[in-house]
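# Structure at a glance
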Amino acid sequence: MSNYKAPEILEKEASELWDTLKETELTPKSRRDIPQQDMPSQDPDIRRGNMEEVAVGYTAEQVFVESARCLQCKNAPCINGCPVSIDIPRFIKEAGDGKFGPAIDVIKESSMLPAICGRVCPQEKQCMEQCTLGKILKDPEKSVAIGRIERFLADWESENRPETAPELPPSNGKKVAIVGSGPSGLTAAADLRKAGFEVTIFEAFHKPGGVTVYGIPEFRLPKAIVEREVEGLMRMGVTFENNFLVGRTRKLKDLMEKDGYNAVYIASGAGLPKFMHIEGENLVGVFSANEFLTRSNLMKAYDSNAATPIYQAKRVAVFGGGNVAMDAARTAVRMGAEEVHIIYRRTEKEMPARVEEVHHAKEEGVIFNLLTSPVRILGDEDGRVRAIECLKYELGEPDESGRRKPVPIEGSEFTIDVETCIPAIGNTSNPLIKQTTPGLEFTRWGTIEVDENQKTSLDHVFAGGDISQGAATVILAMGDGRKAAAAIIEDLK
Amino acid sequence: MNKILEKKQLSADVFRMKIEAPLIAEERKAGQFLILQVDKELGERIPLTIANADAQEGFIEIIFQAVGATTRQLSRKEAGESVEAVLGPLGQPTVIEKKDGPVVCVGGGIGVAPMHPIVEAHHKIGNRVITIMGARNKDLLIMEDEMKALSDELIICTDDGSYGRKDLVTVPLKELCESDTPPAEVIAIGPPIMMKFCAETTRPYKVHTMVSLNTIMVDGTGMCGGCRVSIGGETKFVCVDGPEFDGHLVDFDNMMMRLKSYKNQEAHRCNLDIEAEKLEAERK
């Protein structure tokens, strides 16, 4: 791609710019004229063939330049955009002054997992959306790159600070069970442990991390980062019980009545993958994004020594326009597919995926078929996918969500030859907890019903993250974990 | 980690193992299954059936055929060694109710293993149980004594006539359907093709027939959807909706096709495996 700039060039530009800036007295006007620092990334032609992280992270000079863009607004609108209310101007001020230690300490007052959030949070829809600079420049993408600075600080900490267990209050003798080891469960565990509770996290998979290990690919979030967070919790004394499915291995009620847990936080995550209910959906070669990503991420199918197979295909179609669709498409590229299509019913503007992910996918050669929807999947005589039939759409009148509703164009059917189809159109709720926990109330969408403190219909049972919100984000799940921990501390007083 | 307490080789490639898993042994009910993983970093998660369990002693028993990469690897483990993980019990338990007529349990090959707890449960609540066991030959028959002890009647069929009747299991099943005391319920577990023909055998007699499906799975908890099957035209997940379904509604052809998803890749892997074993043997 023509606009790709190698990390060395970005580094050089930033350090030259910083040499001038550091000698200058900056005014709000001159701050807004500083160009936003691009995230250095691996060359698209090279990264197509490896699983390593695409974004390589800011240099210190880039952090200084980017921090200089922050207007240090008195009312700090960015904080309101952050689901866990990080004091953003304060950490950016410290970072800009080169005080990386104090800067990361500011973040850690509010967020447990900055290395993860700095990488996967949709900042442009949260803090960056509220940023005054972005408003002046009329584009939240042009706001202060808060997440990139956050990521730099988190990585700086892991390289420069010895890992020590924080001082903890003595055990208060009360036990809390956490169901699921994703971002929500990990956040709640940290807060509860710090408050003196004995915490056990139950995880159905063989490795903790939830969506950050099975769903989000290595090239977007290296697993080593998740492992580091998990190890940190272990050093704090949090117990992990892997290969343990609450509801089946042990009923929730038994955890409380027989095993002595005083409270439970259910953060079991997204559930069953949705399919589109179109013809051919059970052909060989149709995989939910969950399955495709779990095989490649958690089960390491990209490694030829791994026992878990992944279906070989030269041409792949991914249905959907969210981050999971981008992850699946970009994983398919790395698994050796020569032609990867995104099939999305609306236009790029309506895509729920982050702009950065769409940009990365395009750089890697993913083909975007917009205003297009699959009608049926065609198979060969062995029941294997050979093509998809699609229909073209155009934008009609705005619907109740304000988005212009796509309407099919009659007679516009056409086919694309593919061997693999990956629906990435979301999840419905997992019925497991429901099947095995009488008395727990659910919404009509199958999510667990909670009040403003994450409390469920059962005493001492709380829930949060995707199991109560439906599909949400890492940071929203963390926010729930934090709220639930506070409510549990109050509840067990 | 779960320790292997005992290992027996039942035939050329069929093994029986006792594995320490106290919580599963306590919770499991007839009809449920588990996911086993031999190796943590690069291992595969495979669904296996539960042949038996002892809550007091805290173990479960599995009977498996070494056919894929992971089952072959598992078959090389010895008592005293451990596997990385056993997750379970998974799936919905079998509905065990008092029936007016006999319950006919048809087990084919190693499908007899998951049938054992079901026969046990029906026997326990006082149902009259007729068990039909089938195998290619005498050497491949498993759990005969255990099934005999729990069944009111035991019919054994072998394809080659080396033991019991020289019939497919569908022949005695049809006879029972036509008898004066037809089955109140049939449960069939075995190779997909056997379950398909058992369902076809009972269909004209309108005898309720449950089958237990063993499809490709990754997590076993509803998350991946790899195990999905078409039941009466509706997509269902074997791991959370099953593993048992009304055999008259299962689209067996689609299921069998899906089971072959990785056939080419696995054939390649098996060849590698065989080569590795040869080299290992030569070294010894």
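Scoring rules and cut-offs
Residues numbered from 1 in each chain as written. Chains lettered and ligands numbered in written order. Predicted model: local features only at pLDDT ≥ 70, side-chain atom pairs only at ≥ 80, totals over all residues. Heavy atoms only, no water. Helix = DSSP H or I, 4+ residues; strand = E, 2+ residues; numbered from the N terminus. Buried < 20%, exposed > 50% of the residue type's maximum accessible area, 1.4 Å probe, protein only. Contact = heavy atoms within 4.5 Å. Pairing = 2+ DSSP bridges. Phe/Tyr/Trp six-rings, centres within 6.5 Å; stacked < 30°, edge-to-face > 60°. pLDDT = per-residue confidence, 0-100. Buried area = accessible area lost by both parts, 1.4 Å probe. Salt bridge = Lys/Arg side-chain N within 4 Å of Asp/Glu carboxyl O. Polar contact = N/O pair within 3.5 Å; in protein donor to acceptor, adjacent residues only side chain to side chain. Nonpolar A, V, L, I, M, F, W, Y, C, P; charged D, E, K, R; others polar. Axes fitted to C-alpha atoms, helices over the stretch in contact; angles between N-to-C directions. Parallel < 35°, antiparallel > 145°, perpendicular 65-115°, else oblique.

## A look at the environment of Met112(A)
Residues and elements named next belong to chain A. As for its position among the elements, Met-112 is in the loop between α7 (100-110) and α8 (114-120). For Met-112, a relative accessible area of 12% puts it in the buried group. Remark: the alpha-carbon pair of Met-112 and Lys-207, spanning 95 residues in sequence, is separated by 19 Å. Sequence-distant contacts of Met-112, that is, excluding residues within four places in its chain, are made with Leu-186, Thr-187, Ala-190, Glu-229, Leu-233 and Met-478.

## Quick word on unusual backbone geometry
Cis rather than trans, the peptide bond between Gly88(B) and Pro89(B) has omega equal to -5°. The residue Pro89(B) is located in strand β8 (residues 85-90) in this model. Cis rather than trans, the peptide bond between Gly242(B) and Pro243(B) has omega equal to 15°. Turning to its location among the elements, Pro243(B) is positioned in the loop between α7 (238-241) and β17 (244-246). A positive phi angle, near 50°, is found at Ser85(A), a position not held by glycine. Positionally, Ser85(A) belongs in the loop between α5 (77-81) and α6 (88-96).

## As for the sheet that holds strand β1 (residues 2-11) of chain B
All names here are of chain B. Taken in spatial order, the five strands of this open sheet run β5-β6-β2-β1-β7, and their pairing is antiparallel. Each edge of the sheet is formed by a strand with only one pairing partner; in this case those strands are β5 (52-54) and β7 (82-83). The pairing of strand β2 (residues 14-20) with strand β6 (residues 59-65) spans seven bridges and is classified as antiparallel. The residue bridging Arg-16 from the neighbouring strand is Ile-63, located in β6.

## Digging into the packing of aromatic side chains
Aromatic rings considered in pairs are described by the distance between their centres and by the relative angle of their planes. Taken as a whole and assessed by the stated rule, the structure comprises eleven aromatic pairs over all chains. Seen in terms of ring centroids, Phe275(A) and Phe237(B) are 6.4 Å apart; in terms of plane orientation they differ by 85°. Their pairing is edge-to-face. Within this pair, whereas Phe275(A) is found in the loop between β5 (272-273) and α16 (289-296), its partner Phe237(B) is found in strand β16 (residues 234-237), the two belonging to separate chains. Three or more aromatic residues link up through ring pairs in this structure, and these residues are Trp18(A), Phe64(A), Phe100(A), Phe152(A) and Trp156(A).

## Some remarks on the confidence of the model for chain B
For chain B, the average pLDDT comes to 93, and 93% of its residues sit at 70 or higher. Under the prediction, the complex receives an ipTM of 0.91, its pTM being 0.92.

## Description of the interface of chain B and chain A
Facing the 46 residues of chain B at the interface are 47 residues of chain A. A combined buried area of about 3,900 Å² lies between chain B and chain A, and 52% of that area is made up of carbon and sulfur atoms. The largest per-residue losses of area from chain B upon contact with chain A belong to Leu42(B), Met223(B) and Tyr262(B), which jointly make up 17% of the total buried on that side. Note that Lys300(A) is salt-bridged to Glu41(B), the shortest N-O span being 2.6 Å. Counting across the chain B and chain A interface gives 24 residue pairs in polar contact (both at pLDDT 80 or more). Listing elements by their share of the side of chain B that touches chain A, those giving two or more residues are α1 (22-27), β8, β15 (228-231), β16, α8 (252-259) and α9 (263-283) of chain B. Sort the elements by how many residues they give to the side of chain B that touches chain A and β8(B) lands first, with six residues. Grouping the amino acids of the side of chain B that touches chain A by side-chain chemistry returns 17 nonpolar, 16 polar and 13 charged.

## Things to note about the pairing of strand β4 (residues 263-266) of chain A
All names here are of chain A. What you see with β4 is no split at all: Ala-263 and Tyr-265 on one side and Val-264 and Ile-266 on the other are buried throughout. Sheet analysis places strand β1 (residues 175-179) next to β4, joined by four bridges and oriented parallel. Counterpart to Val-176 in the pairing with β4 is Ala-263. Strand direction decides the pairing type here: β4 and strand β15 (residues 461-463), joined by three bridges, are parallel. In the sheet register, Val-264 faces β15, and the bridge partner there is Val-461.

## Digging into the sheet that holds β17(B)
Residues and elements named next belong to chain B. Strand order in the open sheet formed by seven strands is β12-β11-β10-β9-β13-β14-β17, and the pairing between neighbours is mixed. Only two strands of the sheet have a single partner each, and these edge strands are β12 (165-166) and β17. Bridge count for strand β13 (residues 185-189) against strand β14 (residues 209-212) is three bridges, and the pairing is parallel. Residue pairing for β14: Val-186 is matched across the bridge by Thr-209. Docked against the sheet, helix α3 (residues 112-124) engages β9 (103-108), β10 (129-135), β13 and β17, running at close to 155° with respect to β13.

## Thoughts on the pattern of salt bridges
All names here are of chain A. Summed over all chains, the structure comprises 56 salt bridges over all chains. Salt-bridge contacts for Lys-29 lead to Asp-33; the nearest nitrogen and oxygen are separated by 2.7 Å. Of this pair, Lys-29 and Asp-33 both sit in helix α2 (residues 28-33), four residues apart, which is roughly one turn of that helix. Residue Lys-29 is classed as partly exposed on the basis of its relative accessible area of 48%. Each of Arg-47, Arg-220, Asp-327, Arg-330, Arg-334, Glu-357, Glu-363 and Glu-364 takes part in a single network of salt bridges with overlapping partners.

## Here's the deal with the packing of helix α6 (residues 192-202) of chain B against α8(B)
All names here are of chain B. Closest axis-to-axis distance for the α6/α8 pair is 10 Å, and the angle between their directions is 180°. Of the possible angle classes, the one that applies to α6 and α8 is roughly antiparallel. Residue-level contacts link Pro-192, Ile-193, Met-195, Lys-196 and Ala-199 of α6 to Phe-252, Asp-253, Met-255, Met-256 and Leu-259 of α8.

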